[in-house]
Amino acid sequence: MRPYEVIKAKRDGLELEPAVIRSFLDSYVKGDVTDYQMSAMTMAIFFRGLSARELGAWTRAMLESGEVLDLSDSPGVKVDKHSTGGVGDKVSLSLAPLAAACGVPVPMISGRGLGHTGGTLDKLEAIPGFRVDLQIPDYRRLVREVGACLIGQTATLAPADKKLYALRDVTATVDCIPLIASSIMSKKLAEGIDALVLDVKVGSGAFMKTLDDARTLARTMIGIGGEMGKQVVALLTDMDQPLGRTVGNALEVKEAVEMLRGQAPADYTELTLALTAEMLVLGKQARTIDEARTRLGEVIRNGAAERKFHEIVRAQGGDPAAIADLSRLPRAAKTVAITSERGGFVTGIDSEAIGLAAMALGAGREKTSDVIDPAVGFVLERKLGDRVAAGEALVTAHVNDERRLDEVKQRVRSAYRLGADAPARRSLVLERLS
Ligand code: URA
């Protein structure tokens with residue numbers, strides 16, 4: 001079939017044959033199907049969706065557009081975690097050493113932050129010397145020898161996704177469940193995992209605004225994993241406020257180390273433990289979630305998790321002294337309290353607005369070419385349910401460049417919703433699907 005006929009068939013709601021999908025995507029990577037033809041195709045998918053058979057073929061074609069790593073020479077059940085993205089989400093930094101300290105090898109290929117969400121790679125690079133650009137042979141070796149390795153996407157893994165994601169970003173076709181699911185799963189399946197834990201965020205700051213959509217996305221990804229012979233578990237988690245108390249790269253590294261010492265805020269600790277416990281069960285290092293929780297408690301108490309993080313940092317070129325003594329991480333020139341103009345209970349914190357405020361301070365990128373300042377960001381002095389009086393701090397901003405400080409203050413103040421009564425407590429993990 002010519003590209004025109006394939007697009008027309010999808011537009012008219014016909015089911016495409018796997019071979020047709022494969023040929024269309026392969027031709028796109030080669031440049032024989034043009035960007036404008038693929039734009040029409042993704043828009044047709046946006047409206048028509050993909051059947052389970054089409055989705056399987058689409059994901060497989062994306063996955064096999066590049067190298068698919070085989071880590072079977074490394075012992076153990078390799079398990080990774082993927083999160084659909086949040087503000088203040090530093091879970092990967094603590095989860096990888098925790099899982100590795102319990103014997104689950106973690107091959108993790110992560111992304112950079114763009115827009116209001118932060119990226120694991122940018123956070124890791126706040127540790128002096130830490131390298132995320134290791135080549136695949138080193139990645140392989142560190143998964144085997146250290147038990148975890150965290151690197152960036154390479155040009156050889158799922159190249160179809162790289163090209164397609166950039167196109168979707170400018171053609172209003174990012175928020176389409178089959179395209180999100182195939183994009184995420186093609187990258188994760190390429191990194192050499194045996195099993196995967198998904199953290200699908202729900203709420204104002206997330207891709208999925210409703211529980212129904214989050215459930216559909218999770219089920220779609222679980223289905224793709226199943227078809228490829230990988231076990232996938234998903235937790236649907238609340239994203240109605242930033243996670244933990246910090247937003248900003250070095251500040252988040254500090255909080256992650258505090259988590260490994262058992263000294264981090266309850267929400268961040270709980271989410272990390274819930275996701276890592278699932279990894280321990282999938283990785284056959286615990287029979288039940290309760291047993292996994294007990295083991296995680298042990299490696300926090302006996303220091304093994306923190307030592308594993310030092311080992312990972314050293315193996316990837318970073319300076320472990322900077323996380324042994326947290327005052328050696330990059331620090332901003334000054335701190336500024338951003339105070340509340342009114343009193344009341346915090347009834348909501350718009351994560352996206354906080355993320356954008358952090359970006360205005362220099363903690364994130366507006367465009368891919370922007371340079372990040374690792375030292376800047378926020379410590380949230382008030383979270384959901386806390387009381388604040390007029391004149392008291394909502395957040396402490398860590399600042400190097402004051403040029404946009406007025407805008408930052410304005411964004412932070414408008415991110416906080418205050419009310420006369422404390423809101424009802426919501427649990428962080430809303431649902432578990434497998
Ligand atoms: N994250 C991805 O990797 N892909 C998407 O399509 C959306 C979020």
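**Digging into empty space enclosed by the protein**
Here is step 1: The tally for this structure, following the rule as stated, stands at one cavity of 30 Å³ or more.
Here is step 2: The calculated volume of the largest cavity comes to roughly 150 Å³.
Here is step 3: Residue lining of the largest cavity: 23 residues in total, with His 116, Thr 117, Gly 118, Ala 363 and Gly 364 positioned closest to the centre.
Here is step 4: With three residues, the single largest contributor to the lining of the largest cavity is helix α16 (residues 351–361).
Here is step 5: Across the lining of the largest cavity, the residue classes break down as seven nonpolar, 12 polar and four charged.
Here is step 6: Both domains that meet at the lining of the largest cavity, namely domain 2 (79–324) and domain 3 (330–419), each give it at least three residues.

**A few points about the domain arrangement of the protein chain**
Here is step 1: Partitioning the protein chain into domains gives domain 1 (3–49), domain 2 (79–324) and domain 3 (330–419).
Here is step 2: If you average the C-alpha positions of domain 1 and of domain 3, the two centres end up 43 Å apart.

**Let's talk about unusual backbone geometry**
Here is step 1: Unusually for a residue other than glycine, Ala 172 sits at a positive phi of about 60 degrees.
Here is step 2: Along the chain, Ala 172 falls in the loop between α8 (159–169) and α9 (177–190).

**Focus: the nonpolar core**
Here is step 1: Among the nonpolar cores identified, the biggest contains 117 residues, and Met 38, Met 41, Trp 58, Leu 98 and Val 200 are the most heavily contacted of them.
Here is step 2: Tallying contributions element by element places helix α12 (residues 266–282) first for this core, with nine residues.
Here is step 3: If you count residues domain by domain, this core takes at least three from each of domain 1 (3–49) and domain 2 (79–324).
Here is step 4: Once you skip the residues sitting within four places of it in the chain, Met 41 turns out to touch Val 6, Ile 7, Lys 10, Leu 16, Phe 24 and Trp 58.
Here is step 5: Counting 31 residues, the second-largest nonpolar core is a separate cluster that includes Ile 349, Val 399, Val 408 and Leu 418.

**Overview of the site of the ligand**
Here is step 1: Near the ligand you find Tyr 165, Arg 168, Ile 180, Ser 183, Ile 184, Lys 187 and Phe 207, and these make up its full shell.
Here is step 2: Within the side chain of Arg 168, one N or O atom sits 2.9 Å away from an oxygen atom of the ligand.
Here is step 3: Within the side chain of Lys 187, an N or O atom sits 2.5 Å from an oxygen atom of the ligand.
Here is step 4: Protein chains bury 89% of the 230 Å² of accessible surface belonging to the ligand in isolation.
Here is step 5: Elements with a contribution of two residues or more to the shell around the ligand: α8 and α9.
Here is step 6: Considering only residue class, the shell around the ligand consists of four nonpolar, one polar and two charged.

**Let's talk about the layout of surface pockets**
Here is step 1: By volume, the second largest pocket is sized at about 660 Å³.
Here is step 2: In terms of lining, the second largest pocket is formed by 29 residues, of which the most central are Gln 241, Asp 267, Leu 384, Arg 425 and Arg 426.
Here is step 3: Put simply, the parts of the chain that give the lining of the second largest pocket at least two residues each are β5 (231–238), α12 and β8 (344–349).
Here is step 4: Class assignment for the residues of the lining of the second largest pocket results in 12 nonpolar, six polar and 11 charged.
Here is step 5: The residues that make up the lining of the second largest pocket include at least three from each of domain 2 (79–324) and domain 3 (330–419).

**Structural notes on the packing of aromatic side chains**
Here is step 1: On inspection of all chains with the given rule, the structure shows one aromatic pair.
Here is step 2: Measuring from centroid to centroid gives 5.2 Å for Phe 46 and Phe 47, while their planes differ by 75 degrees, and the two rings are edge-to-face.
Here is step 3: Between Lys 187 and the ring centre of Tyr 165, over which it is positioned, the NZ or CZ distance is 5.9 Å.

**Observations regarding the environment of Met 1**
Here is step 1: As for its position among the elements, Met 1 is in the segment before α1 (3–11).
Here is step 2: For Met 1, the residues in contact, after removing those within four places along its chain, are Val 6, Ala 9 and Val 20.

**Comments concerning helix α2 (residues 18–30)**
Here is step 1: Across its 13 residues, α2 extends 18 Å between first and last C-alpha, which sits within 8% of the 18 Å expected from 1.5 Å per residue.
Here is step 2: Residues of α2 that are buried include every one of Val 20, Ile 21, Phe 24, Leu 25, Ser 27 and Tyr 28, and no others. Angularly, the buried residues of α2 cover 160 degrees about the axis, an arc narrow enough to put them on a single face. Relative to its buried face, α2 has exposed residues pointing more than 90 degrees away, namely Ala 19 and Lys 30.
Here is step 3: In this fold, the buried residues of α2 make contact with α1, α3 (35–48), α4 (52–63) and α8.
Here is step 4: Looking one or two residues beyond α2, the residue adopting positive phi is Gly 31, at roughly 95 degrees.

**Thoughts on the side chain of Glu 252**
Here is step 1: Locating Glu 252 in the fold gives a position in helix α11 (residues 249–260).
Here is step 2: Residue Glu 252 is classed as buried on the basis of its relative accessible area of 3%.
Here is step 3: With residues near it in sequence (within four places) discarded, Glu 252 still touches Gly 88, Asp 89, Lys 90, Leu 93, Lys 123, Thr 246 and Val 247.

**Side note on the sheet that holds strand β13 (residues 429–433)**
Here is step 1: What the four strands build is an open sheet, ordered β1-β4-β5-β13; its pairing is mixed. With partners counted over all chains shown, the strands left at the sheet margins are β1 (79–83) and β13, one partner each. Recorded for the sheet is a direction-independent mean angle of 15 degrees between the axes of neighbouring strands.
Here is step 2: Two strands pair when backbone bridges link them, and β5 and β13 are joined in this way by four bridges, in the antiparallel orientation.

**As for the pairing of strand β9 (residues 377–380)**
Here is step 1: One ladder, built from two bridges, connects strand β6 (residues 246–247) with β9; its direction is antiparallel. For Thr 246, the partnering residue across the bridge sits in β9 and is Val 379.
Here is step 2: With four bridges connecting them, β9 and strand β11 (residues 393–399) associate as antiparallel partners. Following the sheet pairing, Leu 380 is matched in β11 by Val 395.

The rules behind each value
- Residues numbered from 1 in each chain as written.
- Predicted model: local features only at pLDDT ≥ 70, side-chain atom pairs only at ≥ 80, totals over all residues.
- Heavy atoms only, no water.
- 1 Å grid on protein atoms, 1.4 Å probe; cavity = no way out; pocket = protein on both sides within 12 Å on 5 of 7 lines; lining within 4 Å.
- Points joined across faces, edges and corners; volume = space filled by probe spheres on them.
- Helix = DSSP H or I, 4+ residues; strand = E, 2+ residues; numbered from the N terminus.
- Nonpolar A, V, L, I, M, F, W, Y, C, P; charged D, E, K, R; others polar.
- Domains from an automatic or database assignment.
- Core = buried A, V, L, I, M, F, W, Y, C linked by side-chain atoms within 4.5 Å.
- Buried < 20%, exposed > 50% of the residue type's maximum accessible area, 1.4 Å probe, protein only.
- Contact = heavy atoms within 4.5 Å.
- Near = heavy atom within 4 Å.
- Polar contact = N/O pair within 3.5 Å; in protein donor to acceptor, adjacent residues only side chain to side chain.
- Areas by Shrake-Rupley, 256 points an atom, 1.4 Å probe, with all protein chains shown as cover.
- Phe/Tyr/Trp six-rings, centres within 6.5 Å; stacked < 30°, edge-to-face > 60°.
- Lys NZ or Arg CZ within 6 Å of the ring centre and 35° of its normal.
- Expected span 1.5 Å × (residues − 1).
- Arc of directions from axis to C-beta.
- Pairing = 2+ DSSP bridges.
- Axes fitted to C-alpha atoms, helices over the stretch in contact; angles between N-to-C directions.

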